[in-house]
Amino acid sequence: MPIGKLAKWQILLSEFDIIYVTQKGINGYALEDHLAENPMGGEYEPLKMYFPDEEVSFIGEDIADAYDSWRMFFDGAANFKGVGIGAVLVSKTGQHYHVSVKLKFPYTNNLAEYKACIMGLNKAIDMNIQELLVIGDSDLLVHQVEGEWAKKNTKILSYLYHV
């Protein structure tokens, strides 16, 4: 039971949907590896950042300049806390339509990506969108839908056909 200032703040902030989560500890090996990869010598050097998906990044680009019709961005993620999927439809005028869901069933990352794509496509159908550029970061989904990669996982087949 909180006491003192903490209780006062909890009462004042209880009308808002704020959840306090304690910060988790840092794995010692992760911190050690990070410091080893980014040493600080006599002069400060900025951290070396690695972005494996630079080719799909839209930093410095505006996709609206290259494609002026409807666009859909989708993503799905699965981890030990659960599965979340989301999609954003962007109109010709730049209006954003968001849809996201937390799934209650265990899914792999690939299945979550398929579910996110299907959810976004269903939203586009509901909105009667006739032409749509679909953008996602799942190589598996994109290449399987394009017919470039084999479809080995039987669980994915029904999702693939749905897309």
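Scroll up to find the structure this text is about.
Residues numbered from 1 in each chain as written. Predicted model: local features only at pLDDT ≥ 70, side-chain atom pairs only at ≥ 80, totals over all residues. Heavy atoms only, no water.

### Quick look at the overall build of the chain
Right, on to step 1. Assigned secondary structure in the chain consists of 6 helices and 4 strands.
Right, on to step 2. Listed by position from the N terminus, the elements making up the chain come as α-α-α-β-β-β-α-β-α-α.
Right, on to step 3. Put simply, the chain has 163 residues, and 23% of those count as buried.
Right, on to step 4. When the accessible surface of the chain is totalled, it reaches about 13000 Å², and 57% of it is carbon and sulfur. (Helix = DSSP H or I, 4+ residues; strand = E, 2+ residues; numbered from the N terminus. Buried < 20%, exposed > 50% of the residue type's maximum accessible area, 1.4 Å probe, protein only. Areas by Shrake-Rupley, 256 points an atom, 1.4 Å probe, with all protein chains shown as cover.)

### Some remarks on the pairing of strand S1 (residues 70-79)
Remember that side chains alternate between the two faces of the sheet whenever the strand is regular.
Right, on to step 1. The pairing of S1 with strand S4 (residues 132-136) spans 5 bridges and is classified as parallel. In the strand pairing of S4, Phe73 is matched with Ile135.
Right, on to step 2. Bridging between S1 and strand S2 (residues 82-90) involves 9 bridges; their strand directions are antiparallel. Along S2, the bridge assignment pairs Asn79 with Gly82. (Pairing = 2+ DSSP bridges.)

### Some words on helix H6 (residues 154-162)
Right, on to step 1. Within H6 the residues assigned to the buried category are Ile156, Tyr159 and Leu160. Take H6 and look down its axis: the buried residues cluster within an arc of 105 degrees, on one side only. Away from the buried face of H6 by more than 90 degrees, exposed residues Thr154, Tyr161 and His162 are located.
Right, on to step 2. Of the surrounding elements, those touching the buried residues of H6 are helix H4 (109-126) and helix H5 (139-145).
Right, on to step 3. At the N-terminal end of H6, a side-chain oxygen is found 2.8 Å from the backbone nitrogen of Lys155, two or three residues along, and the residue is Asn153. (Arc of directions from axis to C-beta. Contact = heavy atoms within 4.5 Å. Polar contact = N/O pair within 3.5 Å; in protein donor to acceptor, adjacent residues only side chain to side chain.)

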